[in-house]
Amino acid sequence: MQDEKAFIQQLLDPKTQNKAFELLLKEYQRPLYHHIRNIVLNHDDADDVLQNTFIKIFRYLKDFKGDSKLFSWMYRIATNEALTFLNQKAKKNKVSSQELQDKILQNLEADVYFEGDAIQIKLQKAIALLPEKQQLVFKMKYFEDLKYEEISEILGTSVGGLKASYHHATKKIETFMTEN
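Residues numbered from 1 in each chain as written. Predicted model: local features only at pLDDT ≥ 70, side-chain atom pairs only at ≥ 80, totals over all residues. Heavy atoms only, no water.

Under an unreviewed UniProt entry, the name given to the protein is RNA polymerase sigma-70 factor, ECF subfamily, and the organism recorded is Flavobacterium succinicans.

Encoded structure:
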């Protein structure tokens, strides 16, 4: 993408806003969808969260300070929206987050948009047992191939802490995969 500061100015200028936002959607819709889908696991839920994410990006772009890359800022919004969505869904269904995660995993096998096999289902079950932060770090590194520096900006955590979280996550997943 072009110079980020100039692009942000285009997004904020009423004359160029629509065209710039179309470009933003074209560039980031797919990666943000996959990021959200990795968290919520359900296609329809991911679509809803993606829509909310872009509404928030559009609404709060004027507050973007440029302390991080636009990409990282948008991913942080998407992450927060996905986690908030899951927490609200758990509350609405009067279940714990873990119970919701279990139900989502059960539904994953019947999801026509999920292209995984039995091993993928098993991997998702292993990931679901991890603490939330380890889940996020593992998914961003393993599925999205993000660099630790990018994940650090998105989650606001040190690179060293992320490497430790990823290491612990992979060990727990390895153990689960071999024992189950």
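1. Quick look at the UniProt feature "domain: RNA polymerase sigma-70 region" (unreviewed entry) in the protein
Within the UniProt annotation, "domain: RNA polymerase sigma-70 region" (unreviewed entry) is assigned to residues 24-90. When the span residues 24-90 is considered, its composition is 84% helix and 0% strand, and the gap between its end C-alpha atoms is 31 Å. (UniProt positions renumbered as here; feature names shortened; annotations may be inferred. Helix = DSSP H or I, 4+ residues; strand = E, 2+ residues; numbered from the N terminus.)

2. A short note on helix α3 (residues 43-60)
Helical geometry: 3.6 residues make up each α-helical turn, so side chains three or four residues apart lie on a common side. Its 18 residues give α3 an end-to-end C-alpha distance of 25 Å, which sits within 8% of 26 Å, the value for a rise of 1.5 Å per residue. Buried residues belonging to α3 abut α2 (17-40) and α4 (70-92). Of the residues flanking the start of α3, the one acting as N-cap is N42, its side-chain oxygen 2.9 Å from the backbone nitrogen of D44. (Expected span 1.5 Å × (residues − 1). Contact = heavy atoms within 4.5 Å. Polar contact = N/O pair within 3.5 Å; in protein donor to acceptor, adjacent residues only side chain to side chain.)

3. Quick notes on the packing of aromatic side chains
Scanning the model with the defined rule gives nine aromatic pairs in all. Ring geometry for F64 versus W73: centroids 5.1 Å apart, planes at 55 degrees, classification tilted. We classify F64 as buried; its relative accessible area is 13%. Judged by its relative accessible area of 13%, W73 is buried. Where F138 meets Y166, the ring centres are 5.6 Å apart and the plane angle is 15 degrees; that geometry is what we call stacked. On the criterion of sequence distance, the pair formed by F138 in helix α7 (residues 132-142) and Y166 in helix α9 (residues 159-179) is long-range, its members being 28 residues apart. For F138, a relative accessible area of 3% gives the class buried. (Phe/Tyr/Trp six-rings, centres within 6.5 Å; stacked < 30°, edge-to-face > 60°. Buried < 20%, exposed > 50% of the residue type's maximum accessible area, 1.4 Å probe, protein only.)

4. Here we look at the nonpolar core
Counting residues in hydrophobic clusters, the biggest one holds 55 residues, and the most contacted among them are L24, L32, V40, I57 and L70. A total of 12 residues in this core trace back to one element, the largest contributor, which is α4. Looking at which domains feed residues into this core, each of domain 1 (1-115) and domain 2 (117-179) gives three or more. Setting aside its immediate chain neighbours within four residues, L70 contacts E4, F7, I8, L11, L24, L61 and F64. (Core = buried A, V, L, I, M, F, W, Y, C linked by side-chain atoms within 4.5 Å. Domains from an automatic or database assignment.)

5. Brief notes about the pattern of salt bridges
Applying the stated rule across the entire model yields three salt bridges. One salt bridge in this structure joins K56 and E81, with 2.6 Å as the shortest N-O distance. Here K56 is found in helix α3, whereas its partner E81 is found in helix α4, with 25 residues between them in sequence. Using a relative accessible area of 13% as the deciding quantity, one classes E81 as buried. Between E174 and K171 there is a salt bridge; the shortest N-O distance is 4.0 Å. Of the two residues, E174 and K171 both sit in helix α9, three residues apart, roughly one turn of that helix. Overall, K171 belongs to the partly exposed group, its relative accessible area being 41%. (Salt bridge = Lys/Arg side-chain N within 4 Å of Asp/Glu carboxyl O.)

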